[in-house]
Every structure is written in structure tokens, then in C-alpha cells.
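Fold and contact review
Read off the chains here:
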Amino acid sequence: MAVFKTLDDIGNISGKRVLVRVDLNVPVTEGKVSDATRIERIAPTIAELSGKGAKVILLAHFGRPKDGPSPEFSLEPIARATAEVLGRPVAFASDCIGDTAGSAVAAMDKGDVLLLENTRFYKAEEKNDPAFTERLAANGDIFVNDAFSAAHRAHSSTEGLAHLLPSFAGRTMQAELEALEKGLGNPVRPVVAIVGGAKVSTKIDLLMNLVKKVDALVIGGGMANTFLAARGTDVGKSLCEHDLAPTAKQIMIEAAEAGCAIILPVDGVVAKEFKAGAACETVAISDVPADGMILDVGARTVTTIGEWIDRAATLVWNGPLGAFEIEPFDHATVAAARHAAARTKAGKLVSVAGGGDTVAALNHAGVADDFTYVSTAGGAFLEWMEGKPLPGVDVLKR
Ligand SMILES: Nc1ncnc2c1ncn2[C@@H]1O[C@H](COP(=O)(O)OP(=O)(O)OP(=O)(O)O)[C@@H](O)[C@H]1O
Ligand SMILES: O=C(O)[C@H](O)COP(=O)(O)O
């Protein structure tokens, strides 16, 4: 029996209003959803609930809006993308609480699907404010959490609701927890982690903890620049958080004490502009021009990363090695992803990857299906890895 209640325990839900927390925080490029994996993953839960006659009311956040409602962070375009992926109508209400939401819910028939506007348009959501949670709960009889990737947040829609309504894990939440436990509950060593992406500031705690748990940590992407700068390398105009140099140094000290190897780029693909087809060259990391930006790790670094992948029994990956959305800065991420996928297919590696952009990058490389497991979660995935409690999961436990 699962430690948390699943849809197997939900009983008769025909005609019931089921509030389903999903993660629709999907990558959007030029107004279009550029990777629909998170939407695809919630489809089974929605189909199952709708098939049982429930009124399926989706709750989600999008981005990190700071000042209340704004068109930039509206879920309305995502409702259309969700309808396309599900192959069925998805109604949209321009508020997640109050009369607008209430009337949209009242108009639902059995089996209908409705998406409510971004929960983060209310600051109270992130404060897990009980009064706001009650207003969300007013539209539901049952709560299903299918957003593992937002379960590290103790917000009204991820944690608070489970205290007010009978609550269950959705199929994706269930699958994520089961697969992560199977793959990484007690990982086979050596464990190598690849952490890339844009910024160190968003992943400091994760890096601090990871160096104590893994045998080697490969740092790529924009965040490698902060580490390189901390070591005294001039990274030109590259994305770099110079004020975090002391933190990066501390992470390297902790890694040395824990016996975790830190692998930083030895070369980089450098351009003067951050745009597709920009003129670029590969240079040694000590030769980055003052007006250049490192937008990908170079070929020698890719070879080194390949060697670490070959040594690993378990690989954990979060964050791309370069600005993979823009060609040709996708080369290193694609090469490393294909290398890891081939080792996995050969039965020599357990490979687990997580992160919205990471999933998009693996799809771009055409190998997402070849990894042992690809989690749609970013922060939640890494926090799970560190053994931190996930409020959205803990509250579902029996
Ligand atoms: N060298 C670089 N310079 C600038 N940006 C970079 C660089 N390398 C990677 N990036 C950017 O990092 C971003 C992805 O990083 P992020 O940390 O968000 O990944 P993730 O954890 O998989 O995603 P998510 O936060 O969506 O779960 C991409 O948009 C990519 O363009
Ligand atoms: O994209 C994610 O990792 C989740 O949707 C959580 O988003 P957040 O980091 O803005 O809370």
C-alpha cells in the first residue's frame, strides 16, 4: 500500500468538484509553449477523473508574478495549449477565487475540465494564508495534487488545501515518487551530478548539499561562470553573479572536504551576442575575450564530462550545459545527453534528470525516453534528492 492516498482510494466522484493542483509552469517562447511535457504528464489524471464523471478544476501557477495580475503571467494561453494536448475543451476562468471562479465552476457538467487563473496573482497563495486557502477550497469537494514539481512549496494550492479537503496524489505525483524512490532511494555509486542552468543564486542550497552526497559534481551552464570567476578566471561579459564568488568558493571547499570532485569547464563557446546564429568561437577558459560571453561549454569539456559519465553508475542531471534554446549553443547539452542515454540503454547507467528546461533540452536532444527517469520537477526534484521534506507530499501521507 502506498504511503500516500492515490486515485485508487478516491471512491465515487461522479458529479463531485475535484480541485486538481497541476504544474503548468511550462517554458514559453514567443508566446508559444515550447515544451509540453508537463502538460502531457497530467493528462492521465485529468482523463481518469473526468472519465469517472468528476468536474475537474485545475489550479496552477505560472512564473513568479510580483505585483498581482498581469497579462504576462496569465494562464489563458496555457489553457489553450492544455486543450490541444488533452484533445478536449478546457474552459478558463480569469480568477482562481471569488465570483468569477465560482460561476465558472457552477456552469460545469460532469466530466468537464476548467482551468482557473494563476494562483500566484494573490500573494496570499505563497503565504499559505488560511483565509485564501478557504476561498480556493470553496470551489471543491476533493483535492488531488498532481504537481510533484511544485511540492517543495508550502503554498495554499500545494499544501494548505490538503488540510481542508479529502486529499489524494494524482497519477503523475504517484509515478514521480515511485520512480525517484526506485532510481535514487539508495543509489549505486559512483554518483555523478551534472548541474547547469542559468544562475547559482537559484541553486546554492542544492549545490551545498549535493557536494556532500555525490562523488563528482559537474558544473556547467551560466552557473559555471560564477565558479570560474571565484577561481580568478576572467569570464568577460558572461552571465556571472560576482557577488556570489565567496559562496562558490565555500561550495568548492565543502566539496574538497567531502571528497566530491568538482568539474568546471576548461573551454567555452564564446559569442558577442546572445542570439541564434551569432558568430562564435571555442576558446580555452583562460582566453575568454573581455567583450565575449560564454554560451556553452566547449568540446574538450564535453569530452571530460563524457568520461565522468562513463565512470558513473548513477547520474543525476539538472540544468543545461549551455544556452541550448539557441543554436549552436545546444551542442554540449545534446552531446552529453546522448552520451548518457547511450550508456543507459547499454544497461551501464541509471540516469535520472529533472527540471523544466532540462526536460526540454533532453527532448531537443531526442533522448528523453532513453533516460531511466525524467522528472518534470526542477527545484522539487533536487530537494527530494537532498532528502529535504516536500510539504506538498508530506501532507498527502496517510
Ligand atoms: N552559459 C549560459 N549563459 C546564459 N544562460 C545560460 C547559459 N547556460 C544555460 N543557460 C540558460 O539556463 C536556462 C536553464 O536553466 P534552469 O536553471 O532554469 O534549468 P532547469 O532547472 O532545468 O529548469 P527549471 O528552472 O525550468 O526547472 C536556459 O534558459 C539556458 O538558456
Ligand atoms: O518550475 C518549477 O520548478 C515549479 O513550477 C516551481 O516553480 P517555482 O520555483 O517558481 O516555485
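See the structure above.
So, here is what we can say about the structure in this document. (Residues numbered from 1 in each chain as written. Chains lettered and ligands numbered in written order. Predicted model: local features only at pLDDT ≥ 70, side-chain atom pairs only at ≥ 80, totals over all residues. Heavy atoms only, no water.)

1. Quick look at the site of ligand 2
In the vicinity of ligand 2, the residues found are Asp 23, Asn 25, Arg 38, His 61, Arg 64, Arg 120, Ser 149, His 152 and Arg 153. Between ligand 2 and Asn 25 there is a distance of 3.0 Å, counted from an oxygen atom to a side-chain nitrogen or oxygen. The side chain of His 61 places a nitrogen or oxygen atom 3.0 Å from an oxygen atom of ligand 2. For ligand 2, whose unbound accessible area comes to 310 Å², protein coverage reaches 88%. (Near = heavy atom within 4 Å. Polar contact = N/O pair within 3.5 Å; in protein donor to acceptor, adjacent residues only side chain to side chain. Areas by Shrake-Rupley, 256 points an atom, 1.4 Å probe, with all protein chains shown as cover.)

2. With respect to the sheet that holds strand β4 (residues 55-59)
The strand order across the open sheet formed by six strands is β5-β6-β4-β1-β7-β8, and the pairing between neighbours is parallel. Strands with a single pairing partner mark the edges of an open sheet, and in this sheet they are β5 (91-93) and β8 (167-169). For this sheet, the mean inter-axis angle between neighbouring strands, taken without regard to orientation, is 25°. Where β5 meets strand β6 (residues 113-116), three bridges bridge the pair, whose relative direction is parallel. In the strand pairing of β6, Ala 93 is matched with Leu 116. (Pairing = 2+ DSSP bridges. Helix = DSSP H or I, 4+ residues; strand = E, 2+ residues; numbered from the N terminus. Axes fitted to C-alpha atoms, helices over the stretch in contact; angles between N-to-C directions.)

3. Details of the nonpolar core
If you look at the biggest cluster of nonpolar residues, it comprises 74 residues, and the most contacted ones within it are Phe 148, Leu 217 and Phe 227. Sort the elements by how many residues they give to this core and helix α9 (residues 221-230) lands first, with six residues. Other than its neighbours up to four places away in sequence, Leu 217 contacts Ala 193, Val 195, Leu 207, Leu 210, Val 211, Cys 260, Ala 261, Ile 262 and Ile 263. (Core = buried A, V, L, I, M, F, W, Y, C linked by side-chain atoms within 4.5 Å. Buried < 20%, exposed > 50% of the residue type's maximum accessible area, 1.4 Å probe, protein only. Contact = heavy atoms within 4.5 Å.)

4. Observations concerning the side chain of Ser 375
Mapped onto the elements of the fold, Ser 375 is located in strand β17 (residues 373-375). Accessibility expressed as a relative area gives 0% for Ser 375, which makes it buried. When residues no more than four places from it in sequence are discounted, the contact partners of Ser 375 are Arg 41, Phe 148, Glu 176, Ala 353, Gly 354, Gly 355, Val 359 and Phe 381.

5. Details of the environment of Thr 303
Checked against the element boundaries, Thr 303 lands in helix α11 (residues 299-311). Sequence separation between Thr 303 and Val 393 is 90 residues; the distance between their C-alpha atoms is 39 Å.

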